[in-house]
Amino acid sequence: SPTFLKLQYPSLYLHHRLIFPTEELTACELETTMELLKQPHHCFLVFLFGLVLLFPAALSWKDAVTHVHQFVIQEASVKRLCKTQHVMTVNGMYPGPTLEIKNGDTLSVKVINKGKYNITIHWHGVRQMRTGWADGPEFVTQCPIRPGGSYTYRFTVRGQEGTLWWHAHSTWLRATVYGALLIQPREGTNFPFAKPNRQSTLLLGEWWNANPVDVVREATRTGAAPNISDAYTINGQPGDLYNCSKQDTVVVPISSGETNLLRVVNSAMNQPLFFTIANHKFTVVGADASYVKPFTTSVLMLGPGQTTDVLISGDQTPGRYYMAARAYQSAQNAPFDNTTTTAILEYSKSSSAAKPIMPRLPAFNDTPTVTAFSTSFRSREKALVPAQVDENLFFTVGLGLNRTQQCQGPNGTRFTASMNNVSFSLPSNFSLLQAHKQGIRGVFTTDFPAAPPRVFDYTGNVSRSLFQPATGTKLYRLKYGSRVQVVLQGTSIVTPENHPIHLHGYDFYIIAEGFGNFNPKTDSSKFNLVDPPLRNTAAVPVGGWAVIRFVADNPGVWLMHCHLDVHITWGLAMAFLVEDGVGKLEAIEPPPEDLPICS
């Protein structure tokens, strides 16, 4: 079947697409096909290429566009909460510019670093098929762009539609260096729902009355948790409920009778967030640049890194309604920013002097609402989820305490975090991808454990002897095309918490989630292998687990980490090394000539 071919034999799948084109070939697919036809073992299929000429629509890839942008990293003065801060920005903008493309288009973004810090840019959720050098995490796929340097990220976005985003992937610079990446339907196609009257993007963020880099550096020095943020923001603005902020509150227009598309991104540093609009309901239609079966809800919950596309109807009495976001706080006894950010949904013909109506938000620790929301997601069509797996992995994710130093964490310890008891340490002389492709020894090992070194009651009362993880730069090797299942098991070490786990270079299916310790004998019956949601960031439930599956069809080195930046700072990460397959088309492209060097 086409589904089987696409998962197991991508090359044969392309031949099938050539003979039986159900939709237009993309430029990339045509290029790939031409390369296949040059290979001897594909020669017998050359005559089939001629058949494609009988299908003019199959060759209508000419509308794909290359979008060229320039990002200048520079310091700018930004006044929030009555105080002016000097923060890093892109082109002097906070948040940074929104990029808008169509499915199948190519992006070429030259980043010029005129700031005072090393920096990289990550294109969160972009598959980066064979273009891993453009993925962006510092010391994983590239060395940083140093002050005075530049690097051009070039990649094609294909097979993805909806909302993604981009952000800095160096220290805590993404607190102010981030923006939206909007992917419209491919030329000649439409949304799988009625075309909305308007589209609006809402970036949820965090703001400190301090330099975020100084905040994390101080925490690293002391071993304590970093200071919490002073405000949440919507499109960079805190909103009416904060000091010195009312005049700049974001206003989103709507007219009676309209149906509008809202693209919501949690670009906050360390906080899952609830989001709602007074007196309005959402119809969820997409997440992480994949369409989902529509469902209705009055509240969203997004972990940092996640995106959700929703439709709202202008079906209320014309007026002004608050759009509000505040914390979902699952970690008990941990300090957090308990403030609320707002924007205003404003109907045309309503008075701008009218006081907006305030929505009711869930309680900070309302895990049942989070569960009801997260388990409502289903893929819009039958999913291409692997029915069988070649790699069955079990990763614990959680915090820890290091007792080797006298620090300012609990009882004189230093906070740390780990996956499978390995606290991830980034190299500093080479990137992992560079070391892999150039055969440089001593930068990493490939012995990341497939399961935790000790089996224990992961979500119960854990022995203090398990609180301190080992430190290492350990990767897990995957063969090209292997079918992978990962159980992401939260732990109660220090405290249980909802962890948004993001995998670079891949989308994956979340086939199940639950609470307590994952039990393969009983929980496997809960697997959804029909229409599980396709995501790039999975919110592992507090004191629970999630199971994901994907096919390792993208060679390179790909980081998997918690998207709470405080946790990745402490080491809650690992990386997959996906081997090249057979031939050029199953191998990562050569590195660009302007790839930054580390020395």
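Summary of the structure given here. Source: prediction; values computed, not measured.

### Brief notes about the state of the cysteines
Taken as a whole and judged by the stated rule, the model has two disulfides. Between Cys82 and Cys244 runs a disulfide, and the two sulfur atoms are separated by 1.9 Å. Between Cys82 and Cys244 the sulfur-sulfur dihedral comes to about 90°; the bridge is accordingly right-handed. Note that Cys82 is positioned in the loop between β1 (66-80) and β2 (83-90) and Cys244 in the loop between β10 (231-234) and β11 (251-254), a separation of 162 residues in sequence. Cys82 gets classed as partly exposed once you look at its relative accessible area, which sits at 37%. Across the disulfide from Cys143 sits Cys598; the S-S distance is 1.5 Å. One quick way to see it: the torsion about the S-S bond of Cys143 and Cys598 is about -90°, and its sign makes the bridge left-handed. Here the residue Cys143 occupies a position in the loop between β5 (121-124) and β6 (150-156), and Cys598 occupies one in the segment after β32 (573-578), the gap between them amounting to 455 residues. Listing the disulfide partners of the protein by sequence rank of the bonded cysteines yields 1-3, 2-4.

### A look at the packing of aromatic side chains
Under the criterion given, the structure shown has 29 aromatic pairs. Their ring planes at 50° and their centres at 4.7 Å tell us that Phe71 and Trp166 sit as a pair that is tilted. On the criterion of sequence distance, the pair formed by Phe71 in strand β1 and Trp166 in strand β7 (residues 162-168) is long-range, its members being 95 residues apart. Each member of the pair, Phe71 together with Trp166, is buried. Seen from their ring centres, Phe395 and Phe576 are 6.1 Å apart, and the 25° between their planes marks the pair as stacked. Of this pair, Phe395 sits in strand β20 (residues 391-402) while Phe576 is found in strand β32, placing the two residues 181 residues apart along the sequence. Across this residue pair, the class does not change: Phe395 and Phe576 are buried. Linked through ring pairs, Phe395, Phe448, Tyr476, Tyr506, Phe550, Trp558 and Phe576 together constitute an aromatic cluster. One Lys or Arg, Arg326, reaches over the ring of Phe364 and ends 4.3 Å from the middle of that ring. Geometry around Phe377 places Arg535 over its ring, the cationic atom sitting 5.0 Å from the centre.

The rules behind these values
- Every chain's residues receive numbers from 1 upward, in the order its sequence appears when written.
- Since the coordinates come from a predicted model, pLDDT governs what is reported: local features require at least 70, and pairs of side-chain atoms require 80 or more to be given and counted, while whole-chain, interface and lining totals use all residues.
- Hydrogens and water are ignored here; the side-chain numbers use all heavy atoms of the structure.
- In what follows, a disulfide is any cysteine sulfur pair within 2.5 Å.
- Working definition: helices are DSSP H or I runs of at least four residues, strands are E runs of at least two. Numbering for both runs from the N terminus.
- Three labels apply to residues, based on accessible area from a 1.4 Å probe with only protein chains included: buried if under 20% of the type maximum, exposed if over 50%, partly exposed otherwise in between.
- Here a Phe, Tyr or Trp ring, Trp counted by its six-membered ring, pairs with any other such ring whose centre lies within 6.5 Å, and the pair is stacked when the planes are under 30 degrees apart, edge-to-face when over 60, and tilted otherwise.
- When the NZ atom of lysine or the CZ atom of arginine is within 6 Å of a ring's centre and also within 35 degrees of its normal, the charge is said to sit over that ring.

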